[in-house]
Amino acid sequence: MGKKATQDRGSQVHSSGKDVAIFMPSLHGGGAERAMLVFATELLSRGYGVDLVLANKEGALLPLVPKEVRLINCNSRRMLHSFRRLGRYLRVHRPAAVYSTITHANIMLALTSRAVGLKVPVIVRQSNAPLSEQTLGVSHMISKRLIPVAYRAASSVIAVSEGVRSELLSMQPKLIGSIKVLPTPVLTSQMLHQAKEPPSHRWFRDSQQPIILSAARLERHKGLLELIRAFADLRQSRMARLLIIGEGSARADLEAEVARLGLTASVDLPGFQPNPFSFMNHAALFVLNSYYEGLPNVLIQAMGFGTPIVSTDCKSGPAEILESGRFGRLIPVGSHESLVTAMRESLDLPKHSAAQKSAWKRFGAEAATSAYLACAGLPEMPPVVSRVK
């Protein structure tokens, strides 16, 4: 039978009688995982109990899980192996609704819930544009084939942007009645407090050179090699520093390129940061250079602090977030000269207050959580006396 899913903490019975489950592969530091932790925190503040079910309990975001969350570990190194343990959790606990994010977790939840005959709302959240992804490998090809079948087993499909919705419909037109484009729960009042903290990096204590910030998984499709090369050209006419926060498989290649270009004194990759918001708030410029996205939460976060932005006009998300360039500079994907010019012309821009207001109105956690609850037909629970910290 194999190992059972283990309950690591939060063994108390949830007082609301309304438990919501969230299923994810792990808690590695991506935007989708952060968004669902924001969702979980907001649910707690409304009196819901939250079960966070992980295929494997690992990742840099684990310390950020609220202590009130009941953490369920399926102990599965591969998503396929979580089928039995996830199924057992669903049969035994019968939550009021189940949400998931990340494509292979969505597929697993949809198929498992159908197999165990789960009669509660199952909501899968597509965080990336599935046809635009350039990931290679057998598992990715299998996922693309399974989406049209598995997602039809879900009660609803949340698309994080119109671009994501369009690609899903091209894969499975029969999803048209179940797909909803909903705002992502990104911005919280806690982030405002974190943003005011002094950034931990030493460069922020030296104001002689402006700091350009990028925050992303260190992967090829994030365009970070090209960003470093464009920054090298920018340095020919303008002194500045570049910080790239995040982790990923391309770290060695990025560090080698920094060394090759002689930029070790002006480019740094300090890794995962538990408080990236202070970096965003104090940076002179935020740059996203991706080949494709779903809805880049880091762009929303930077916009929420009014930081000037340069982003590729990639599929999908940036144009929707920045309202076609109203709240930040959009440049063509792969255009080296456009990136250099946009960074140079945006470095001295002031904080963008209108962008900040727009981001909070559209992507604040409270409004987005209400939309997610409505998607599952769950009631607006009255807020508890003391909000979760």
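Rules used throughout
Residues numbered from 1 in each chain as written. Predicted model: local features only at pLDDT ≥ 70, side-chain atom pairs only at ≥ 80, totals over all residues. Heavy atoms only, no water. Helix = DSSP H or I, 4+ residues; strand = E, 2+ residues; numbered from the N terminus. Rg over C-alpha atoms; globule rule 2.2 N^0.38 Å. Buried < 20%, exposed > 50% of the residue type's maximum accessible area, 1.4 Å probe, protein only. Contact = heavy atoms within 4.5 Å. Areas by Shrake-Rupley, 256 points an atom, 1.4 Å probe, with all protein chains shown as cover. Lys, Arg positive; Asp, Glu negative; His and termini not counted. Charge placed at Lys NZ, Arg CZ, Asp CG, Glu CD. Axes fitted to C-alpha atoms, helices over the stretch in contact; angles between N-to-C directions. Parallel < 35°, antiparallel > 145°, perpendicular 65-115°, else oblique. Left-handed = near helix turned anticlockwise from the far one by under 90°. Nonpolar A, V, L, I, M, F, W, Y, C, P; charged D, E, K, R; others polar. Salt bridge = Lys/Arg side-chain N within 4 Å of Asp/Glu carboxyl O. Pairing = 2+ DSSP bridges. Core = buried A, V, L, I, M, F, W, Y, C linked by side-chain atoms within 4.5 Å. Patch = residues over 30% accessible without salt bridge, like charges linked within 9 Å, V, L, I, M, F, W, Y side chains within 5 Å.

K.L.:
What should I look at first to understand the overall build of the chain in this one?
P.N.:
Of regular secondary structure, the chain possesses 14 helices and 14 strands. Computed over its C-alpha atoms, the radius of gyration of the chain comes to 21 Å, within 12% of the 21 Å expected for a compact globule of 389 residues. Looking at the chain as a whole, 58% of its 389 residues are labelled buried. The long-range fraction of contacts in the chain, counting pairs at least 24 apart against all pairs at least 6 apart in sequence, stands at 73%. Just so you have it, the chain exposes about 16,600 Å², and 53% of that area is on carbon and sulfur atoms. The centroid of the 47 positive side-chain charges in the chain is displaced by 8 Å from the centroid of its 29 negative side-chain charges.

K.L.:
What am I meant to see in the packing of helix α7 (residues 224-234) against helix α12 (residues 336-346) here?
P.N.:
In a pair of packed helices, the angle between the axes and the distance between the axes together describe the arrangement. With their axes 9 Å apart at the nearest point, α7 and α12 run at an angle of 60° to one another. Relative to α12, α7 is oriented oblique. Here α7 runs over α12; the crossing is right-handed. Touching Glu226, Leu227, Arg229, Ala230, Phe231, Asp233 and Leu234 of α7 are His336, Leu339, Val340, Met343 and Arg344, all from α12. Looking at side-chain class alone, the contact of α7 with α12 contains 7 nonpolar, 1 polar and 4 charged residues.

K.L.:
What is the right way to look at the pattern of salt bridges in this model?
P.N.:
Where side chains of opposite charge bring their charged atoms close, a pairing between them can arise. The tally for this structure, following the rule as stated, stands at 19 salt bridges. One salt bridge connects Lys222 with Glu293, and the closest N-O pair in it is separated by 2.8 Å. Here Lys222, found in the loop between β9 (211-215) and α7, pairs with Glu293, found in the loop between β12 (285-288) and α10 (297-304); they are 71 residues apart in sequence, far enough to count as distant. Judged by its relative accessible area of 12%, Lys222 falls in the buried class. The network of salt bridges with common partners includes Asp19, Asp51 and Arg70.

K.L.:
Help me understand the pairing of β9 in this model?
P.N.:
Consecutive side chains of a regular strand alternate in pointing toward one face of the sheet and then the other. Of all 5 residues making up β9, 5 are buried, and the element is well covered by its neighbours. Residues of β9 alternate between two faces, with Ile211, Leu213 and Ala215 on one and Ile212 and Ser214 on the opposite face, all of them buried. As defined by bridge partners, β9 adjoins strand β10 (residues 241-245) across 5 bridges and the pair is classed as parallel. Residue pairing across strands places Ile211 opposite Arg241, the latter belonging to β10. Relative to β12, β9 is paired through 2 bridges, and the arrangement is parallel. Paired with Ile212 across the two strands is Leu285, which belongs to β12.

K.L.:
I tried to follow the nonpolar core on my own but got confused; where do I start?
P.N.:
Nonpolar side chains tend to gather and get buried jointly when the protein is soluble and globular. In terms of nonpolar packing, the biggest core is built from 51 residues, with Tyr151, Leu213, Met280, Phe286, Met303 and Ile321 touching the most fellow members. Ranked by residues supplied to this core, first place goes to α10 with 5 residues. In this view, Met280 contacts Leu213, Ala215, Phe286, Val298, Gln301, Ala302, Phe305 and Thr307; residues no more than four positions away in its chain are not counted. Ranked by size, the runner-up nonpolar core spans 31 residues in total, among them Phe39, Val69, Leu182 and Ala376.

K.L.:
Looking at this model, I keep getting lost on the environment of Gly317. Mind explaining?
P.N.:
Residue position: Gly317 is located in the loop between β13 (309-312) and α11 (318-321). In this structure Gly317 comes out as buried when scored by relative accessible area, which is 4%. Taking C-alpha positions, Gly317 is 7.8 Å from Glu162, a pair spaced 155 residues apart along the chain. If sequence neighbours within four positions are ignored, Gly317 has contacts with Ser161, Gly294, Leu295 and Pro296.

K.L.:
Quick question: what am I supposed to make of a positive patch on the surface here?
P.N.:
Together, Arg84, Arg88, Arg91, Arg94, Arg114, Lys119, Arg152 and Lys174 make up a positively charged patch on the protein surface. Ranked by residues supplied to the positive patch, first place goes to helix α2 (residues 83-93) with 3 residues. Secondary-structure assignment places Lys174 in the loop between α5 (162-171) and β8 (179-181). Given a relative accessible area of 59%, Lys174 falls into the exposed group.

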